[in-house]
Each structure stands twice: as structure tokens, then as C-alpha cells.
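Architecture at a glance
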Amino acid sequence: MHKLFFQRRGTQRLNAKVRKVFSLPTFAFLCVLLILLFLTLPAWAAPQPERTPLTLELLQERLRTPTLREGSLTVDLQKMVIDLRPENASFRDAFYQLLRKELGAKPLGLDLSYALILGDFVGSDLGLRTPLYAQAIAPIFTASEQQELERLRFVCLELLAIALPDSKDCRSLLATSTQPGEITVFRGALILAQTRFNGEVKFSNTFFLQSVDAQNATFVQASNWTETRFARPVSFSSANFRQTSNFFGSIFFEKANFKQAQFQETIDFQGSFFEKTANFNRANFKQLAKFNNVQWQENVDFSYVRFANQAQFNKGNFNQLLFFKETTFEQAVIFREVDFNQAVNLQGASIINQADFSDARFSKEAFLNVSGLTFNSNQAKILGNPGEIGRIFYVPTFQGNQNILRNLGQNFRQQQQVADANDLEYTKQRLRLIELSRNLTATNINSVTMTSLIKLGFSTTESEAIAERRLVKPFRNITELLTLADISLETYTKLSDRLSVGEPLSIGTWLLEAWSWLALSVLLLLSGYGTNFWLVFGVGGVAIAYFGLLFWLVDRCRRLRPIPIVPTSYETISILISFSVLEFLSLLAIFRNAEQPWLTLGCLLIIIVPVPVALLIQLYQQGRYHDLMDISYFTEDGTFRQLRLLIGRLPVIPRNQTFRERYMPLLCDRRWNWLNYYDFSLNNIVRLGFNDIRLRDEHLPGIISALAWYQWSLGLMYITLVLWTLSRTIPGLNLLIYLK
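All chains use their own residue numbering, which begins from 1 and follows the written sequence. Side-chain atom pairs in this predicted model are given and counted only at pLDDT of 80 or more, local residue features only at pLDDT of at least 70, and totals for whole chains, interfaces and linings cover all residues. Only hydrogens and water are set aside when side-chain values are computed; all heavy atoms of the structure are taken into account.

Here a helix means four or more residues in a row that DSSP labels H or I, a strand means two or more in a row labelled E, and each is numbered from the N terminus. A tally of regular secondary structure across the protein chain gives 20 helices and 52 strands. Relative accessibility under 20% of the residue-type maximum defines a buried residue, over 50% an exposed one, and the middle range a partly exposed one, all with a 1.4 Å probe and only protein chains included. By residue count, 47% of the 740 residues in the protein chain fall in the buried class. When checking whether two residues touch, look at their non-hydrogen atoms; a contact exists if any pair is within 4.5 Å. Across the protein chain, the fraction of contacts at a sequence separation of at least 24, relative to all contacts at a separation of at least 6, is 54%. Put simply, the protein chain shows about 37,500 Å² of open surface, and 57% of that area lies on carbon and sulfur atoms. Reported accessibility uses the Shrake-Rupley method at a 1.4 Å probe radius. Residues are deemed covered only where the shown protein chains occlude them.

Following this line, the structure appears as C-alpha cells:
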């Protein structure tokens with residue numbers, strides 16, 4: 001017991017000592033020490049090149065003995081520490097003087113790989129300063145170098161077609177300046193791989209006749225490449241620009257590679273010219289990126305780029321493909337007054353703030369591929385010219401893009417750009433129709449027989465491979481066919497659109513899908529899915545004129561013998577001329593507004609021609625033998641005449657005797673009587689008319705009554721289509737429907 005007591009007392013004393021040693025200040029100090037240790041660990045772990053301080057003697061030696069690099073003589077200053085700070089002014093002046101003398105006299109390259117440059121680096125002082133004249137290039141250059149300088153004249157001429165160039169060299173070559181311009185020519189290759197510049201870098205107004213390689217270079221201070229010309233490929237791949245970078249008015253004659261470049265501050269490419277491809281893949285722009293007035297002659301790749309601040313592409317010109325695949329725009333991206341001549345790929349991109357396409361011009365081949373675009377209409381906006389921007393968006397499939405199409409439509413509805421929202425709705429439903437067509441006609445590879453697979457186009461070996469694979473595990477996606485070694489890519493590309501992997505459709509489900517396909521097809525063809533009022537107007541005009549002519553025919557052309565009952569020549573000419581005019585105007589509306597006018601016209605004719613023509617043929621085959629043969633089948637309300645809506649009107653008068661007294665037969669001997677048949681057709685189709693014209697209820701052939709009821713039924717569907725279309729195209733009414 002006593003031992004246990006003393007043991008506990010000893011333990012308590014030990015714990016007290018430990019608490020004294022590990023007090024709160026000591027614990028905090030240890031935590032800070034560990035954090036600093038972990039933060040500095042990568043710097044210790046990263047291999048640092050061993051650099052040699054550059055002296056004048058060493059520089060003169062390297063200038064006397066240039067090395068051969070890729071077939072060209074190069075001054076090797078790799079892994080040097082070059083001190084160009086003001087306190088080392090004597091060395092700095094000698095450095096520029098010696099290099100300028102050697103690099104200007106002959107086309108020597110300069111290799112500064114892994115070098116550390118202290119102080120400002122004025123690269124434009126290393127080249128040969130030469131004037132540029134419109135008449136001739138300075139004769140000190142070789143023939144190949146003169147050709148490169150001559151290329152500058154052609155680019156200046158191209159820029160002249162857009163606007164008068166502001167650069168001094170272009171003005172001098174085009175003789176638009178009274179004073180000859182001067183430019184610094186760097187005749188050899190410049191290699192800056194993993195070079196670190198601690199001061200400012202100045203290469204303004206410099207013409208590089210050979211390649212520039214600045215991969216993994218670090219620019220700690222501002223870098224100035226204003227009006228620089230790159231005659232050969234240039235690479236700033238993985239370069240790090242920590243301060244403002246200026247490429248204003250630069251010209252890139254060959255490929256420009258800025259892949260994975262890091263721009264920590266504002267970057268300015270305004271007024272630049274890219275004659276070949278430009279690659280900014282996976283670059284990172286943390287501040288404002290200015291690409292205004294840039295001419296892009298070939299493909300431009302901004303895929304997987306992150307724009308943390310605003311990106312400006314105003315008044316640019318993209319002649320070829322533009323890629324923004326998986327690109328993130330955290331702030332506004334602006335494309336005002338930009339010319340797009342080819343497709344813009346925004347597949348998988350993220351627009352978090354705003355994308356402005358105001359006054360942008362798209363060629364016939366240009367479109368915006370927004371498949372998989374991340375866009376929330378409640379937080380972000382896409383702006384564009386009303387009535388134009390909605391037609392530019394493109395998605396390849398309905399599956400997987402319903403959300404983006406819905407968000408884009410909501411975006412334009414919030415801005416009251418109803419036409420653009422309707423264009424997107426039309427695109428959505430057209431893609432849905434394609435999806436339905438594929439479900440109805442595609443072959444299900446999980447249930448189809450081998451014989452059917454062979455008939456479809458698969459070889460025997462490929463069919464056996466599919467059958468064996470689905471016994472193990474059913475296909476869940478068409479692309480899983482490519483995992484089979486026996487399936488060729490050519491066969492997959494040829495047959496993929498005709499295959500499906502879903503559950504097999506039962507007869508009832510297939511019939512429902514077929515009905516949905518038919519209804520959607522009719523809505524798309526006759527109204528653009530309720531998005532095109534003028535198309536609906538044209539469809540109605542064709543139907544009204546057609547049925548007006550039919551009713552005139554059955555009423556006025558009854559028989560030829562024994563006593564002819566036929567219209568007068570004046571009436572016949574009047575009805576035919578009016579029919580031709582109405583049909584011409586209606587067809588004009590259809591062909592100007594329908595995406596597939598011939599299909600629209602075919603669909604309309606299938607609806608309005610077969611049944612009436614069949615009834616008409618039967619009517620004239622069996623003849624008419626009834627009382628009141630010389631009195632019109634049509635009656636009009638004789639109590640008053642006025643333009644009125646006849647929503648609840650039926651095509652035949654009631655049987656009550658008072659209505660027979662009220663409704664009087666049409667006056668067939670009047671010269672304007674042919675207008676009444678169009679009025680009756682108008683009443684049936686749109687429930688609007690100048691007179692309440694109906695069929696009489698006695699001595700009326702059933703075929704004529706059936707013809708009137710058929711048109712009245714079509715009119716019921718048509719007026720529904722009209723009201724639905726108006727609700728989607730009139731902004732005020734549209735807001736009532738889509739108001740949140």
C-alpha cells in the first residue's frame with residue numbers, strides 16, 4: 001500500500017515536470033518550427049543547378065569558342081550567374097557591347113539555359129539595330145534573312161486590310177511614315193530554358209530571325225515584348241510570368257507555344273498577329289488577360305485553361321478552329337465584335353460569371369459547341385445579339401445535354417430574348433426527335449440474334465464476340481464494343497448510330513414511342529415546336545385557301561346534265577386568282593421560316609389532301625339527287641354583319657325552326673359571293689369571320705357535312721397550335737407562363 005502510494009506520488013511529480021517543460025509557449029514554438037520545416041522541404045528537395053558567376057574573361061572565351069547546337073553556332077552561357085545590376089555597371093556595359101558586336105556581325109545563337117540574370121535584362125540591346133525602308137531591306141543580311149524580313153511586309157499588308165498598323169516597322173515598310181523605322185534584329189536562336197530573370201526583361205521592337213525557346217523560364221519582374229516579331233517557332237511552355245507581361249502588337253510567323261504557362265499578373269496580347277497555330281493549353285491566367293484586336297490565322301487552343309480574372313477577346317478575328325475545352329472562366333469573358341469563321345469548342349467549359357458575344361459575327365460554318373458546358377443561369381449570363389445568338393449553339397446529342405439546353409433557354413428568357421430561347425427549345429426538341437427515332441429503329445445488341453447482327457453489317461467473328469460478351473455481362477454503352485478485340489474501329493464508326501443497348505421495347509411501349517415521335521415531328525415541321533409564328537401563319541394560310549376552294553367547288557359545281565349547275569366564268573377566274581395569291585403568300589411564309597420547307601409542305605399536304613379528295617371523288621361519283629339543288633348549301637346569319645370571334649360556333653346550323661328563319665342561303669348571283677367560301681373556311685380554321693356562315697341542316701349530302709366537320713376538327717387543333725405558339729413568342733404572355 002505504501003509502495004503504491006509513493007509510486008503514484010512519483011508519477012505525479014514526473015507529470016508536473018513534463019507539464020513545466022512542455023508549456024504552451026514551448027508547444028507553439030515547436031508547431032511553428034514544424035510548419036516552417038515542411039514549407040521549406042520542397043525547396044531543399046528541388047535540385048538546384050550549380051551556376052558559375054560570369055566574368056568578362058569567361059564571356060570573351062565563350063564568344064571566341066561558340067558551340068555547335070542543332071547545326072548552328074551558339075554562344076554557350078548556360079548555368080551562369082549574370083550580374084547586370086546598376087552597382088555592376090562596368091560589367092553590364094561590357095556585356096552588352098561584346099554580345100552586340102558578335103551577335104550582330106554573324107548569325108550566332110545565345111544559350112542562357114539555367115542561367116540566373118540579376119538586374120534588368122535589355123535583350124533588345126543585344127541585336128543589330130537596322131533601319132527599315134519601303135524600297136529595300138538593308139543589304140547586310142543574308143538572302144534567307146532578307147526573305148524573313150520581307151515576310152513582315154506581307155503581314156503588314158494583311159493588317160492594312162483591317163486597319164492602319166500602328167507599329168513603326170509596318171509604317172516604314174508601307175511608306176506611311178515620313179521617318180524610316182528602326183528595328184533590332186536578333187539573327188541567331190535564343191535559348192532561355194529554365195532561365196531565371198530577377199529583373200525586368202525588355203525585348204521590345206525586336207525581330208527574331210531564329211527560334212526562341214523559353215521553356216520553364218521564370219520572369220520575376222515585368223517582361224516587355226512589345227512589337228516583337230518571331231520568324232521561327234517560339235516556345236514559352238511552362239514559363240512563369242510573375243509580373244505584368246506585354247506582347248502588344250507582336251507578330252508570330254510560326255507556331256507559338258504557351259502551354260502550361262503561368263501568368264501571375266496582367267498579360268497583354270492586344271493587336272498581335274498569329275500566322276500559325278497558337279497553343280495556350282493548360283495555361284493559367286490569374287489576372288486580366290487582354291487579347292483584343294488579335295488576328296488568329298490558324299487553330300487556337302485554350303483547352304484546360306483557367307481564367308481567374310476577366311478575359312478580353314474584343315474585335316478579334318478567328319479564321320480557324322478555337323478550342324476552349326474544359327476551360328474555366330471565373331470572371332467575365334468578352335467576345336464583342338469578334339469574327340468567328342470556324343467552330344468554337346466550349347465542350348466541358350465552365351462559365352461562372354458572364355460570356356459576352358454582343359455584335360459578334362459568325363460565318364455559315366461557325367457555331368458554339370456547348371456540349372457538357374457548366375453554366376448556371378441563376379448566377380451567370382451569356383449575352384448576344386437578340387434573334388441571332390440562339391441559332392449559334394450546337395450540341396451533338398440530346399442525352400447528357402438536357403440541363404445545359406434548359407439553362408441556356410432560361411438565360412435568354414430572363415433577358416427577354418424570347419426568339420433565342422425558342423431557337424434553343426427547337427434545338428432541344430429536334431435532338432429529342434433524333435433520340436426517339438433511334439430508340440424506335442436501332443438494333444438492341446443485348447437481345448438481337450447473331451443472324452441479325454450479320455445482316456446489320458458485322459462479320460461472323462464480330463457477331464460471335466458480341467454474343468460471348470453479352471453472356472458474361474450485358475452491354476451498358478455502345479462504346480463498350482471497342483473493348484472487344486475483334487471489333488474494328490471502321491465497323492464501329494459505320495454502325496454505331498444504328499445500335500442501342502437499352503431494355504428491349506414491348507409492343508405497347510413501342511407504339512407509345514411511335515406516337516410521341518409522330519406528334520413531335522408534326523409540331524416541329526408545322527410550328528418549329530411553337531417557336532415560329534410566321535411558319536404557323538403560312539400553314540394556316542395554305543389550309544384556309546385550299547378548303548375555301550374545295551367548298552366553292554362542291555357548292556357551285558354540282559352537275560353538268562341534264563341542267564348544268566356551274567359557276568360563271570367571272571366567279572371561276574376570281575376564285576382561282578385569289579386562291580393563287582393566297583397560296584403564294586402562304587408558301588412564301590413557309591419557305592422563309594421553315595428549316596425544312598419541303599418536309600413541312602409534305603406534312604401539311606398529308607393532313608389536308610387525302611381525306612377531302614377521297615370525299616370529293618365519292619361525292620361526284622355517286623352524284624347528287626336531292627331537293628333544293630339550286631340553292632346554296634351554305635347559309636349566313638342575316639341579322640347583322642361584323643368581324644367577330646366565333647369560338648363556340650359549329651359548322652352546321654341547329655334544327656330549330658327559328659334558326660332556319662335567321663340563317664339565309666348565300667346569294668349565288670352576287671359577283672362577290674366567292675368571298676363567302678373563304679369566310680367559311682376562316683371560321684372553321686381560326687374561329688374568326690366577317691359573317692357567321694354555316695351549312696344548312698336539311699337536304700344536305702352527308703359527304704359535304706363530313707368535309708366541313710373534318711376542317712372544323714383540324715381548325716380546333718390549329719387554333720390550339722396558334723395560341724400555344726403565341727404564348728411562346730409574345731414576350732408579355734411568355735413571361736406569364738415562364739415566370740418563376
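So, next bit.
This next bit is on the sheet that holds strand S32 (residues 311-312). With respect to topology, 10 strands assemble into an open sheet ordered S7-S12-S16-S20-S24-S28-S32-S36-S40-S44, the strand pairing being parallel. The outermost strands of the open sheet, each flanked by one partner alone, are strand S7 (121-122) and strand S44 (381-384). For two strands to be treated as a pair, DSSP must find at least two bridges joining them. Across two bridges, the pairing between S32 and strand S36 (residues 333-334) is parallel. The residue bridging Gln312 from the neighbouring strand is Ile334, located in S36.

Looking now at the pattern of salt bridges. We define a salt bridge as a side-chain nitrogen of Lys or Arg found within 4 Å of a carboxyl oxygen belonging to Asp or Glu. Scanning the model with the defined rule gives 16 salt bridges in all. The shortest N-O distance in the salt bridge between Arg306 and Glu330 comes to 2.8 Å. Within this pair, whereas Arg306 is found in strand S31 (residues 306-307), its partner Glu330 is found in the loop between strand S35 (328-329) and S36, the two being separated by 24 residues in sequence. Its relative accessible area of 33% is what places Arg306 among the partly exposed residues. The exposure class of Glu330 is partly exposed, given its relative accessible area of 26%.

In this section: the sheet that holds strand S52 (residues 693-695). The strand order across the open sheet formed by three strands is S50-S48-S52, and the pairing between neighbours is antiparallel. Since the sheet does not close on itself, it has two edges, and those belong to strand S50 (663-665) and S52, each with one partner. Put simply, the sheet's adjacent strands are angled 40° from each other on average, direction ignored. Here three bridges tie strand S48 (residues 634-637) to S52, and the two strands are oriented antiparallel to one another. Bridge pairing links Thr635 to Arg694 in S52. Here an axis means a line fitted to C-alpha atoms, over the contact stretch when the element is a helix, while the angle between two N-to-C directions is reported on a 0 to 180 degree scale.

pLDDT runs from 0 to 100 and stands for how confident the predictor is about each residue. Per-residue confidence for the protein chain gives a mean pLDDT of 85, with 87% of residues at or over 70. Ignoring residues within four places in sequence, the model shows residues 1-22, a span with pLDDT below 50, making one contact including any to other chains. The model gives residues 35-46 a pLDDT under 50, and that stretch makes two contacts with residues more than four places away or in other chains.

Next up on the list: the environment of Leu68. Relative to the elements of secondary structure, Leu68 occurs in strand S2 (residues 67-69). The sequence separation of Leu68 and Gly109 amounts to 41 residues, and the corresponding C-alpha distance is 9.5 Å.

Here the focus is the nonpolar core. We call a set of buried Ala, Val, Leu, Ile, Met, Phe, Trp, Tyr and Cys residues a nonpolar core when their side-chain atoms join them within 4.5 Å. Ranked by internal contacts, the top residues of the largest apolar core, which has 96 residues, are Phe95, Phe285 and Phe302. A per-element tally of this core places helix H4 (residues 89-105) first, with five residues. Ignoring any residue separated from it by four or fewer positions in sequence, one finds Phe95 in contact with Leu54, Leu56, Leu59, Leu77, Ile82, Leu84, Phe121 and Leu126. Judged by nonpolar contacts, the second largest core, of 41 residues, contains Leu535, Ala545, Leu550 and Leu695.

Any pair of aromatic rings gets described here by the distance separating the centres and the angle formed by the planes. Two rings from Phe, Tyr or Trp (for Trp, the six-membered ring) form a pair when their centres sit within 6.5 Å of each other. Planes less than 30 degrees apart are called stacked, planes more than 60 degrees apart edge-to-face, and all others tilted. Taken as a whole and assessed by the stated rule, the structure comprises 77 aromatic pairs. A ring pair is formed by Trp225 and Phe236, whose centres lie 5.2 Å apart and whose planes are at 85°; its orientation type is edge-to-face. Of this pair, Trp225 sits in the loop between strand S16 (223-224) and strand S17 (229-230) while Phe236 sits in the loop between strand S18 (234-235) and strand S19 (240-241), placing them 11 residues apart in sequence. A relative accessible area of 0% means that Trp225 is categorised as buried.

Time to look at helix H7 (residues 402-414). For H7, which comprises 13 residues, the first-to-last C-alpha distance of 18 Å matches the rise-based estimate of 18 Å (1.5 Å per residue) to within 8%. Inspection of H7 places Ile404, Leu405, Asn407, Leu408, Gly409, Gln410, Asn411, Phe412 and Arg413 among the buried residues, and these make up the whole buried set. Phi turns positive, to about 60°, at Gln416, one or two residues after H7. The length a helix should cover is 1.5 Å for every residue beyond the first.

So, on to the pairing of strand S4 (residues 80-83). Bridge analysis of strand S1 (residues 52-53) against S4 gives two bridges, and the strand direction is parallel. Paired with Pro53 across the bridge in S4 is Val81. Bridge count for S4 against strand S6 (residues 116-118) is three bridges, and the pairing is parallel. Paired with Val81 across the strands is Leu116, a residue of S6.

Turning to a nonpolar patch on the surface, a few remarks are in order. Patches were defined on residues exceeding 30% relative accessible area and lacking a salt bridge, with like-charge contacts within 9 Å and nonpolar side-chain contacts (Val, Leu, Ile, Met, Phe, Trp, Tyr) within 5 Å. Together, Ile573, Ile577, Val581, Phe584, Leu585 and Leu588 make up a nonpolar patch on the protein surface, roughly 590 Å² of accessible area in all. With respect to the helices and strands, Phe584 occurs in helix H14 (residues 569-593). Using a relative accessible area of 55% as the deciding quantity, one classes Phe584 as exposed.

So, on to the environment of Ala594. Tracing the backbone through its elements, the reader meets Ala594 in the loop between H14 and helix H15 (597-608). Of the residues examined, Ala594 reaches a relative accessible area of 13% and is grouped as buried. Considering only alpha carbons, one finds Ala594 and Ser527, 67 residues apart in sequence, at a separation of 8.3 Å. Those residues within four positions of Ala594 in sequence are excluded, and the remaining contacts are Leu535 and Thr600.

What follows is about the pairing of strand S3 (residues 72-76). By the bridge criterion, three bridges tie S2 to S3 in an arrangement that is antiparallel. For Arg69, the partnering residue across the bridge sits in S3 and is Ser72. Counted along the chain from S2 to the antiparallel partner S3, the turn is two residues long, and its residue Glu70 has a positive phi close to 55°. Note: S3 against strand S5 (residues 109-111), three bridges, orientation parallel.

It is worth spelling out the side chain of Asn401 at this point. Of note, Asn401 is situated in the loop between strand S45 (393-394) and H7. Ignoring sequence-local partners within four residues, the contact set of Asn401 consists of Val370, Ser371, Gly372, Val395 and Pro396.

Where helix H18 (residues 675-686) contacts helix H19 (residues 702-729), the axes come no closer than 6 Å and their chain directions differ by 50°. It follows that H18 is oblique to H19 by the angle criterion. For the pair H18 and H19, contact is made by Phe680, Ser681, Asn684, Ile685 and Val686 and by Ala708, Gln711, Trp712, Gly715, Tyr718 and Ile719, respectively. Classes in brief: Ala, Val, Leu, Ile, Met, Phe, Trp, Tyr, Cys and Pro nonpolar; Asp, Glu, Lys and Arg charged; the others, Gly included, polar. Its residues assigned to classes, the contact of H18 with H19 comprises seven nonpolar, four polar and no charged. By definition in this entry, angles of less than 35 degrees are roughly parallel, angles greater than 145 are roughly antiparallel, angles of 65 to 115 are roughly perpendicular, and the rest are oblique.

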